[in-house]
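So the chains spell out like this:
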Amino acid sequence: MDTAPSTDLPDLSESRAALYAGDYERALALLEPLTATVRHADLYNLLGFANRNLKRYDAAARWYKEALFYDPVHRPAIEYQGELFIAIGDFKGAEKNLELLRLLCFPSGCEEHEKLRKALVAAGRNS
């Protein structure tokens, strides 16, 4: 019998370093094997982030959907999914994510809301 996937998150510091350095292919090479043994929103969010930055929008959408399945209020995944929506021209989707972040971050706000708001403004939307 196979061992069930874990919800414990392994150390992702090497993967995060690759992402911050813009080495998305390396990050994917480190992250993708983990999907066989780990079920966690942070892992899926990072996979979405790397794929989105490589303009692999279908794969990014899949991973953000997985992240939000495991944690429907995962603010980084909501923000990054909103940025994906902007990249593919789905401004209504991005605005819905912005509204969700507004509600999740009420009353003091949060970094994810501000980043998505600025991304929408940069894309010519009045948010």
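Predicted model only: the values in this text are computed from it and were never measured.

Calculation rules
Residues numbered from 1 in each chain as written. Predicted model: local features only at pLDDT ≥ 70, side-chain atom pairs only at ≥ 80, totals over all residues. Heavy atoms only, no water. Axes fitted to C-alpha atoms, helices over the stretch in contact; angles between N-to-C directions. Helix = DSSP H or I, 4+ residues; strand = E, 2+ residues; numbered from the N terminus. Parallel < 35°, antiparallel > 145°, perpendicular 65-115°, else oblique. Left-handed = near helix turned anticlockwise from the far one by under 90°. Contact = heavy atoms within 4.5 Å. Nonpolar A, V, L, I, M, F, W, Y, C, P; charged D, E, K, R; others polar. Core = buried A, V, L, I, M, F, W, Y, C linked by side-chain atoms within 4.5 Å. Buried < 20%, exposed > 50% of the residue type's maximum accessible area, 1.4 Å probe, protein only. UniProt positions renumbered as here; feature names shortened; annotations may be inferred.

Next up on the list: the packing of helix α6 (residues 91–104) against helix α7 (residues 111–122). Where α6 meets α7, the axes come as close as 9 Å, and the angle between the chain directions of the two elements is 155°. When the interaxial angle is binned, α6 and α7 end up roughly antiparallel. Between α6 and α7 lies a crossing whose hand is left-handed. Across from Phe91, Ala94, Glu95, Asn97, Leu98, Leu101 and Arg102 in α6, the residues of α7 making contact are Glu112, His113, Leu116, Arg117 and Leu120. When the residues that make up the contact of α6 with α7 are grouped by side-chain class, the tally is six nonpolar, two polar and four charged.

Attention now moves to the nonpolar core. For soluble globular proteins, the rule of thumb is that nonpolar side chains tend to be buried together. Ranked by internal contacts, the top residues of the largest apolar core, which has 31 residues, are Leu19, Leu31 and Leu47. Element by element, the count of residues in this core is highest for helix α3 (residues 41–53), at seven residues. When sequence neighbours within four positions are dropped, the list of residues in contact with Leu47 reads Leu28, Leu31, Glu32, Thr35 and Trp63.

Our focus in this paragraph is the UniProt feature "repeat: TPR" (unreviewed entry) in the protein. Under the UniProt annotation, the feature "repeat: TPR" (unreviewed entry) is placed at residues 41–74. The span residues 41–74 is 79% helix and 0% strand, and its two end C-alpha atoms sit 7 Å from each other.

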